[in-house]
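If you want the building blocks of each chain, they are given just below.
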Amino acid sequence: MDVNGTVAEGFEPVGEAFARNFEVLGDRGAAVAVYRDGHRVVDLWAGTKDVDGTADSAPWERDTAQIVRSATKGVAAAALLLLHQRGLLDLDAPVGEYWPEFKAADKERVLVRHVLSHRAGLPVLDLPLTPEEALDPLRGAEAVARQALVWEPGTDHGYHALTYGWMAGELVRRVTGRGVGDWIAAEIAGPVGADLWVGLPAAEVGRVGVVGRVEAPGNAGGLRSRPKRSVAEAYDDPASLTRRAFAAITPFPDQNDPAYRAAALPATNGIATADGLARFYASLIGEVDGGRRLFTPGTLAAARAEESAGPDRVLVINTRFGLGYMLHGSASPFLEAGSFGHPGRGGSLGFADPESGIAFGYVTNGFSKTVTADPRAQALVRALRASL
C-alpha cells in the first residue's frame, strides 16, 4: 500500500501505524491528520476513495472526505457551546425556554446541559422515523418534542445516538433562526478553514467516496474485538434501550444516498476530511495556522468537565461525557486524561488534548462493527502517544 503525505520528525510511529492499518487491520481507504500547537505535523492518506477497492476505484486524494457518523456530535456540541459563549444560550435553562413545543409530555425539567451530557432521558423514539421523514429538517425535532421521558432528566445518562442531533439542531435553529448545517458552515468550518460539513453542498459531492461495512480482523490490535455478552444481547434485543436508540430511524438510511448526505443530521451524517476534523479540534484549544481559535479558556474547561460517568443505559458500558464530548476513558481511549472528542461508530475519530496541544482526526470508508473504540483509530492513538 502506497501511503501519501507528510510526517514531521518525531511522529514517524504514526506513519508506521497508519501503513499497518492497511496491512493488518483491514483499512481500504483512510486518512489521518494531527496538529500540534496549531501546526500540522501529520497529514497522511492511502487506499481507494471507494470502500470496494476495485480496479475502477479512484485513489484516495488529500482532499477526499467521508461520512464520520457520530464524530459529527463533537461539531454539533461546539455549535451549542459557542452560542453559550456568545451569551445566546443558557446551559442551565430548560430546553423549553427556547423551544416551547418541547415541554410536551412532562419535559419541562430537561435542561440544555442535559442534552449535551446525554442526561436528557430521551434516547429513543416510540414511533421511529422513516428514512424519508428523517431527511425533513423539522420532522426529527417534532418527534422528539412529542416523545415521553425514559428517565428523570439529570438523574442518569445514556447515549442519545440519534435524538441528540435533533435536539441540538433545533436549539441552534430556535436561537439563531438558521439551520444547523448553515450555521456550522458559517460560524465554525469557514472561520477555521476546516473541510467539514453537516449537510453536504452540491459543489463538494465529487470529493466524497462510497462507504461500507468491513470485517475487523481477528487480531484487533490489543483491544477487545468481540463485545461482552451483555453488550451483544442489548444490541440484539428489539426492546432494549440500546436497540431502540439506534433504531430511531428505521430502517437506517443508505449512507451513500446523495439525499442523505445533503441533509443536516448533526448526530450522524457529518462529512469531513481527516485534516478538517483535526483542524476543527485544534481550533477548540488554540490558534490554528490560517484560522482562528473558537473556544475561550472558560468554554474549553466546561466542554471537558465531567458531567456523566459510569454505566451507560444505552451503550451498556461505562462511559464518560463532558458537554457534548466523550472524555478519555476505557470506552473511548484518547491521548491522555484531559483529552476530549468523539468517535464515529465503525471507525472515525476526532479529539483534542489541551495539555499537549495535540488535535487528531481519522476518517475511513470502511466501517467495522465497533461503536466507540475502533482498533485502527486506537492503533494510531497509541503511536501518537509514543511520539510525544
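Just so we're clear, the structure is a prediction, and the values are computed from it rather than from any experiment.

Engineer: Tell me about the layout of surface pockets, and please be specific about residues and values.
Structural biologist: Approximately 230 Å³ is the volume attributed to the second largest pocket. As for the second largest pocket, its lining consists of 18 residues, of which Pro137, Leu138, Gly179, Val180 and Ala264 are closest to the centre. For the lining of the second largest pocket, the secondary-structure elements that each account for two or more residues are helix 6 (139–146) and helix 7 (163–176). No other element matches the five residues that helix 7 contributes to the lining of the second largest pocket. Considered class by class, the residues forming the lining of the second largest pocket number 11 nonpolar, four polar and three charged.

Engineer: Kindly report on the nonpolar core, identifying the contributing residues and their values.
Structural biologist: In this structure, Leu284, Phe295 and Tyr325 are the most contacted members of the largest nonpolar core, which totals 83 residues. By residue number, the principal contributor to this core is helix 2 (residues 72–85), which donates nine residues. In contact with tyrosine 325, not counting residues within four places along its chain, are Gly74, Ala77, Ala78, Leu81, Phe280, Tyr281, Leu284, Phe295, Ala303, Arg320, Phe340 and Gly341.

Engineer: An account of the packing of aromatic side chains is requested, with residue identities and associated values reported.
Structural biologist: Summed over the entire model, instances satisfying the criterion amount to 12 aromatic pairs. Joined through ring pairs, the aromatic side chains of Tyr159, Tyr235, Phe246 and Phe321 make up one cluster. Its guanidinium or amino end placed over the ring of phenylalanine 367, arginine 69 lies 4.4 Å from that ring's centre, counting from NZ or CZ. Over the ring of phenylalanine 102 we find lysine 107, and its NZ or CZ is 5.1 Å from the ring centre.

Engineer: So, the pattern of salt bridges: which residues are in play, and what are the values?
Structural biologist: The tally for this structure, following the rule as stated, stands at 22 salt bridges. For aspartate 27, the salt bridge is made with arginine 376, and the minimal N-O distance between the two is 3.1 Å. On the criterion of sequence distance, the pair formed by aspartate 27 in the loop between helix 1 (12–23) and strand 2 (29–36) and arginine 376 in helix 14 (residues 375–387) is long-range, its members being 349 residues apart. Residue classification places arginine 376 among the buried positions, given a relative accessible area of 3%.

Engineer: Help me get a handle on helix 6, residues and values and all.
Structural biologist: Structurally, the α-helix is built with 3.6 residues per turn, so residues lying three or four positions apart point the same way. The complete set of buried residues in helix 6 reads Gly140, Ala141, Ala143, Val144 and Ala145. Residues of helix 6 that are buried sit in contact with helix 7.

Engineer: Can you explain the confidence of the model for the protein? Please cite residues and give values.
Structural biologist: On average, the protein scores 95 in pLDDT, and the residues at 70 or more come to 96%. Low pLDDT, under 50, characterises residues 219–225; the predicted model gives this stretch 12 contacts beyond four residues in sequence or across chains.

Engineer: Outline the packing of helix 2 against helix 7, supporting the account with residue identities and numerical values.
Structural biologist: Contact pair helix 2 / helix 7: the axes reach a minimum separation of 10 Å and the direction vectors enclose 30°. In terms of their interaxial angle, helix 2 and helix 7 are classed as roughly parallel. For helix 2 against helix 7, the interelement crossing comes out left-handed. The segment helix 2 lies against helix 7, with Lys73, Ala76, Ala77, Ala79, Leu80 and Leu83 engaging Tyr164, Ala168, Leu171, Val172, Val175 and Thr176. Here the residues of the contact of helix 2 with helix 7 are counted per class, giving 10 nonpolar, one polar and one charged.

Conventions used here
- Throughout this description, residue numbers start from 1 for each chain and increase along the sequence as written.
- Totals for whole chains, interfaces and linings use every residue, but because this is a predicted model, local features are given only for residues with pLDDT of at least 70 and side-chain atom pairs only at 80 or more, for both listing and counting.
- Water and hydrogen atoms play no part in the side-chain values, which are based on all heavy atoms of the structure.
- Computed over the protein atoms alone on a 1 Å grid, cavities are sets of points where a 1.4 Å probe fits but cannot get out and pockets are open sets with protein on both sides within 12 Å along at least five of seven lines; a residue lines them when it has an atom within 4 Å of a point.
- Grid points are joined across faces, edges and corners, and a volume is the space filled by probe spheres set on the points.
- Helix and strand assignments follow DSSP, with helices taken as H or I runs no shorter than four residues and strands as E runs no shorter than two, numbered in order from the N terminus.
- When residues are grouped by polarity, Ala, Val, Leu, Ile, Met, Phe, Trp, Tyr, Cys and Pro land in nonpolar, Asp, Glu, Lys and Arg in charged, and all others, Gly among them, in polar.
- Only buried Ala, Val, Leu, Ile, Met, Phe, Trp, Tyr and Cys residues count toward a nonpolar core, and they belong to the same one when joined by side-chain atoms within 4.5 Å.
- Partly exposed residues are those whose accessible area sits between 20% and 50% of the maximum for their type, while under 20% is buried and over 50% is exposed, using a 1.4 Å probe and protein chains only.
- A contact between two residues is defined here by any heavy atoms of the two lying within 4.5 Å.
- Here a Phe, Tyr or Trp ring, Trp counted by its six-membered ring, pairs with any other such ring whose centre lies within 6.5 Å, and the pair is stacked when the planes are under 30 degrees apart, edge-to-face when over 60, and tilted otherwise.
- Any Lys NZ or Arg CZ found within 6 Å of a ring centre and within 35 degrees of that ring's normal is scored as a charge over the ring.
- For salt bridges, the criterion is a side-chain nitrogen of Lys or Arg within 4 Å of an Asp or Glu carboxyl oxygen.
- Scored from 0 to 100, pLDDT reflects the predictor's confidence in each residue.
- Only the stretch in contact is used when fitting a helix axis, every axis being a line fitted to C-alpha atoms; angles between N-to-C directions are given from 0 to 180 degrees.
- When an angle is under 35 degrees it counts as roughly parallel; over 145 it counts as roughly antiparallel; between 65 and 115 it counts as roughly perpendicular; any other value is oblique.
- Put simply, a crossing is left-handed when the front helix is turned counterclockwise from the back one by less than a right angle, and right-handed when it is turned clockwise.

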